[in-house]
Amino acid sequence: ESFPIATISVNIVGSFILGIIALSVSQSIISTELALFLGVGIIGSFTTMSAFSVETIEMLQDGNISTASTYIILTFTLCPILAWLGWFIGEKLLMS
């Protein structure tokens, strides 16, 4: 089985967008209600922790431990970094 690039890409992009949403609500650019709708409703349905979990389990069951480990490390490293980057870029664009 190949590396699940589609899932990690969606989760990274979603993390970036969620960073912008989090900044926007923290700076009162959007309401808490809109942030929840966008973050939980739209971005939450766009990203997928469940697919990540199942794909990881399948890789482990198939004996692809190094691929599963890489997937876990990349997901739990890149997603927070991209959320921070979304916040940072959002700050530059929205606060200037």
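What you see is a predicted model, and the numbers here were worked out from it, not measured in a lab.

Caption draft 1: Representation of the environment of Leu 60 within the structure. You can see Leu 60 is positioned in helix H3 (residues 49-61). Apart from residues lying up to four places away in sequence, Leu 60 is in contact with Ile 65 and Ala 68.

Caption draft 2: Geometry of the nonpolar core. Listed in full, the eight residues of the largest apolar core are Ile 8, Ile 12, Phe 52, Met 59, Ala 68, Tyr 71, Cys 79 and Leu 82. Of all the secondary-structure elements, those providing two or more residues to this core are helix H1 (5-26), H3 and helix H4 (65-94). Take this core: its biggest share by element is four residues, from H4. With sequence-adjacent residues up to four places away left out, Ile 12 is seen in contact with Leu 78, Cys 79 and Leu 82.

Caption draft 3: Molecular detail of the side chain of Ser 15. Inspection of the secondary structure puts Ser 15 in helix H1. By relative accessible area, Ser 15 is classed as buried at 14%. Residues contacting Ser 15, with those up to four places away along its chain left out, are Cys 79, Leu 82 and Ala 83.

Thresholds, definitions, all that
Residues numbered from 1 in each chain as written. Predicted model: local features only at pLDDT ≥ 70, side-chain atom pairs only at ≥ 80, totals over all residues. Heavy atoms only, no water. Helix = DSSP H or I, 4+ residues; strand = E, 2+ residues; numbered from the N terminus. Contact = heavy atoms within 4.5 Å. Core = buried A, V, L, I, M, F, W, Y, C linked by side-chain atoms within 4.5 Å. Buried < 20%, exposed > 50% of the residue type's maximum accessible area, 1.4 Å probe, protein only.

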